[in-house]
Amino acid sequence: MLSKRIIPCLDVRDGKTTKGIRFKDNIDIGDPVEMAKSYYEQGADEIVFYDITASNERREIMIEVVRKVAEQIFIPFSVGGGIRSVSDMRAVLLAGAEKVSINSAAIRNPDLIAQGASAFGSQCIVLGMDVKRVESDERIPSGYEMVIDGGRTRTGLDALAWARKAEYLGAGEICLNSIDADGTQKGYEITLTALISDNVNIPVIASGGAGSTEDMYAVLTKGRADAALVASLVHYGSVTIGDIKEELHMRGVKVRRNW
Amino acid sequence: MIAIVDYRAGNLASVERALRHLGYECRVTSDPYEITYSERIIFPGVGAAGKAVNDLKELGLDRVLKEQFESGKPILGICLGAQIILERSEENESACLGLIPGEVKRFRQPLYGPDAERCKIPHMGWNLLKLARPHHVFKNLSPEDEFYFVHSYYPVPEKAQHIFGFSDHGISFPAAIGSNNLIAVQFHPEKSGRPGLRLLDNFCTWDGRLPFSEI
């Protein structure tokens, strides 16, 4: 039986880890290579890097980060942010990432999912979803809408319909981020997570809102997530990945405890 | 020198990095000469069975692998490399290398785990390995160690003697198989943290023989 995965997420800007609330007010909090290594040693099951570097000229910095991380950690890691083409994907995968995560670019060009899956295999393609709660109507029957540009732009796409379409196109996994919960540390969006997880056949990583181990327990049980992303909760040292896993284990959630 | 067989089947650099980290010399290669004169061989791969077998044939590596298997040299198959060593695969209905009798099957859906939770396909993530028989590559591993899997198909050797370990994903399936000097794992040791590195390290010190009791 699979263990539930605990995945620290590092937002990287110009080669430094940052953390903002609801995509705003980012502050630098450390070196991504050192942080990744430390999470690997603490028992992280996977690591997610999200490149929020604004300019294209500086993307080479991220590739260098990926290369250094790959030499030091021997668990899967994925890279998202700014990936718009198969050649962007290739650059990140060749540098040593296991998976790439595509988000806005897949909404603008859904065929990118199929192209990536056929070039590298579905297991490499993670669909990042930024989702906002809205009034449900004929256009958005689930009451959850896809948003892009860090939550600033609504797309008119229903989140559930999009998740299913992306699975059909070849996405191997979904990283589901609630814009409403992101950075608040007030808990994951449980209803949204369960809705998506129950209606697709690929693993769902819950993201946005982890403020306590209790929140993680809830999303991995009631939310039926296959994995949970954590950021602030572990970045500021209040708890370690090991603490989280120990508590989840005590409460009957299967997690990987030997590393 | 350890040869990591390159047959266009995915990113092999992670296996190379893990071996270098452990201090072993290795080379990613599709050169039959280099593979033939290596000390040991790692046969990795991700992707579809049909294409992989065709690519191997095109590069002339199907024959090289058979010869090397017969020569007694230690060979480690990883992921797709633990599947296409069997006789055939349900994936693309392809004929495979036939180093071990048996076939590769797809996980049937729906699958349910012990708590009636749904098991999604691909089987992606960390899982336990239950050893069926001892092997040098599993030395100093704990039953609590987990390994990283990503696959939708699994190997089914015809004979029990070729199964070295099982994992559970709705059903119990062979996750480590082997025959003589060939051992193969469905998971990715190069992505399985310390236990995975230990397995790779063990492989690098294996003489390619099974304990007398296992022959």
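What comes next is a walk through the structure. It should be emphasised that the depicted structure is a prediction, and the values quoted were computed from it without experimental measurement.

Some points on the overall build of chain B
Scanning chain B from terminus to terminus reveals 5 helices and 16 strands. For 215 residues, the compact-globule estimate of 2.2 N^0.38 gives 17 Å, and chain B sits close to it at 16 Å. Dimensions of chain B, computed from the C-alpha atoms along their principal axes, are close to 50 × 40 × 35 Å. Burial analysis of chain B (215 residues in total) assigns 51% to the buried set. Nonlocal contacts in chain B, meaning residues at least 24 apart in sequence, comprise 69% of its contacts between residues at least 6 apart.

Thoughts on helix 10 (residues 241–250) of chain A
All names here are of chain A. Restricting attention to buried positions, one finds in helix 10 the residues Ile241, Ile244, Lys245 and Leu248. Buried residues of helix 10 fall within an arc of 95° about the axis and therefore sit on the same side. At its buried positions, helix 10 is contacted by strand 1 (5–13), helix 1 (32–42), helix 8 (213–221) and helix 9 (232–235). Downstream of helix 10 by a residue or two, Gly252 has a phi angle that is positive, lying close to 90°.

Let's talk about the sheet that holds strand 11 (residues 130–131) of chain B
Residues and elements named next belong to chain B. Strand order in the open sheet formed by 8 strands is 2-1-3-4-16-15-14-11, with mixed pairing between adjacent strands. What marks the edges here is a single partner per strand, and that holds for strand 2 (26–29) and strand 11. Of the strand pairs in this sheet, strand 3 (residues 40–43) and strand 4 (residues 75–78) are connected by 3 bridges, and their pairing is parallel. Bridged to Phe43 within strand 4 is Gly77.

The rules behind these values
- Residues numbered from 1 in each chain as written.
- Chains lettered and ligands numbered in written order.
- Predicted model: local features only at pLDDT ≥ 70, side-chain atom pairs only at ≥ 80, totals over all residues.
- Helix = DSSP H or I, 4+ residues; strand = E, 2+ residues; numbered from the N terminus.
- Rg over C-alpha atoms; globule rule 2.2 N^0.38 Å.
- Buried ≥ 20, exposed ≤ 12 C-beta atoms within 10 Å, placed from the backbone.
- Contact = placed C-beta atoms within 7 Å.
- Arc of directions from axis to C-beta.
- Pairing = 2+ DSSP bridges.

In short, the description is geometric, and any link to function would need to be established separately.
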